[in-house]
Amino acid sequence: MDFLFKPWPWYISGFLIALTMFVLLLLGKKFGMSSNLRTMCTICGAGKKTSFFNFDWKADSWNLIVVLGAVIGGYIGAHFLSDGSMPDISEATRASLDSLGISENNAYLPQELFSLDNVMNLKTIAILLGGGLLIGFGTRYAGGCTSGHAISGLSNLQLPSLIAVIGFFIGGLIMVHLLYPLIF
Amino acid sequence: MKRIVLLIIGIVFGIIMYKSEAASWFRIYEMFRFESIHMYGIMGVAVGFGILFVQLIKRFNIKSVDGEPIKIAPKEKSFTRYMVGGIIFGLGWALVGACPGPIFVMIGAGFVPMLIVFIGALIGTYIYGVLRDKLPH
């Protein structure tokens, strides 16, 4: 049982993610996390003013159950299956953290951004809120996120998903290599 | 019954995201610096087996548990929306080190500030809905 508590190797994780998609397909569903954000907007009443949110959200409510499960899974992973330690990233990555003001001895997420003690300053809130805005806007514009495009879409050999995934990487590379030095 | 199955799938998915470290900012940052195979390995293996599973469904006409044929709706043909939307998404993904699935997983893991990312994502989704007809697709 010891292997459960260590970080899982990528070849196991990758297989299990594909299996998750397969089981959802067999249940007549699809693997896509970001459409839940649209459903939640609709539940909050966004459909009254904007036609994009005026859809039968109950038909998609099954996906909210999956997301609720993901929250519970995160709780189980953090509290029962690990000690919350920092991922064992490469030495080169570790060495570069200093220039961002992020400690090399850290937790599962960087404490500088995701601890309650540090979040109460405007810059951190702006980073988290801004990042969320980009994710929410971009994923709906692109019609999917990492699960919908990079896993489901590429598995179905869809050209639009390949374009989207290339876009994901262009955006990510611009952020880390060009904008990080300006932001952090 | 189906709801319980979906909840279990979600729980297992959340555990996979946590234990694979795909939900960690550090792994995303490392990926965009090309300094480890970890994230590329996860996605490569996932897509490899994903292609296999989808081909199995198509070749053997596997039906869903309801007896319906499994159809994966093709995305509409376009370039602009996927490229521009993708880039915007990528900027956010790299900035906070989480995509939509891991946002929920990390909230469950107890990282309260991730709620700010979640609220931002809801607002971003709403802004897209409002501007949709004015955007090139």
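Residues numbered from 1 in each chain as written. Chains lettered and ligands numbered in written order. Predicted model: local features only at pLDDT ≥ 70, side-chain atom pairs only at ≥ 80, totals over all residues. Heavy atoms only, no water.

Undergrad: Before we go on, may I ask you to explain the interface of chain A and chain B in this structure?
TA: Note on interface size: it is often stated as the accessible area lost on association of the parts. With 123 residues of chain A in contact, the opposing surface of chain B contributes 109 residues. Approximately 10400 Å² of surface area, both sides summed, lies buried where chain A meets chain B, with 80% of it carried by carbon and sulfur atoms. Together, A:Trp10, A:Tyr108 and A:Tyr141 form the three largest contributors to the area buried by chain A at its contact with chain B, with a combined 9%. Linking chain A with chain B are 0 salt bridges, by the criterion used here. Counting every contact that joins chain A to chain B gives 29 residue pairs in polar contact (both at pLDDT 80 or more). Take the side of chain A that touches chain B: its biggest share by element is 18 residues, from helix H10 (residues 159-183) of chain A. Its residues assigned to classes, the side of chain A that touches chain B comprises 83 nonpolar, 35 polar and 5 charged. (Contact = heavy atoms within 4.5 Å. Buried area = accessible area lost by both parts, 1.4 Å probe. Salt bridge = Lys/Arg side-chain N within 4 Å of Asp/Glu carboxyl O. Polar contact = N/O pair within 3.5 Å; in protein donor to acceptor, adjacent residues only side chain to side chain. Helix = DSSP H or I, 4+ residues; strand = E, 2+ residues; numbered from the N terminus. Nonpolar A, V, L, I, M, F, W, Y, C, P; charged D, E, K, R; others polar.)

Undergrad: It is not clear to me how the layout of surface pockets should be interpreted in this structure. Could you clarify?
TA: Volume-wise, the largest pocket comes out at about 890 Å³. Considering the residues around the largest pocket, the lining is formed by 39 residues, among which A:Lys30, A:Ser35, A:Gly143, B:Ala73 and B:Lys75 are closest to the centre. Looking at the lining of the largest pocket, the elements with two or more residues in it are helix H2 (10-26), helix H3 (35-43) and helix H9 (146-155) of chain A together with helix H4 (80-96) of chain B. (1 Å grid on protein atoms, 1.4 Å probe; cavity = no way out; pocket = protein on both sides within 12 Å on 5 of 7 lines; lining within 4 Å. Points joined across faces, edges and corners; volume = space filled by probe spheres on them.)

Undergrad: Just checking my understanding: could you explain the pattern of salt bridges for this structure?
TA: As a working rule, side chains carrying opposite charge can pair if their charged atoms are close by. Residue and element names in this part refer to chain B. Within the structure shown, the criterion is met by 6 salt bridges over all chains. Here Arg27 ties to Glu21 by a salt bridge, and the two come within 2.9 Å at their closest N and O atoms. Of the two residues, Arg27 and Glu21, both sit in the buried class. In this structure, the salt-bridge partner of Arg27 is Glu30, at a minimum N-O distance of 2.8 Å. Of the two residues, Arg27 and Glu30 both sit in helix H2 (residues 25-32), 3 residues apart, roughly one turn of that helix. The same class applies to Arg27 and to Glu30, which are both buried. (Buried < 20%, exposed > 50% of the residue type's maximum accessible area, 1.4 Å probe, protein only.)

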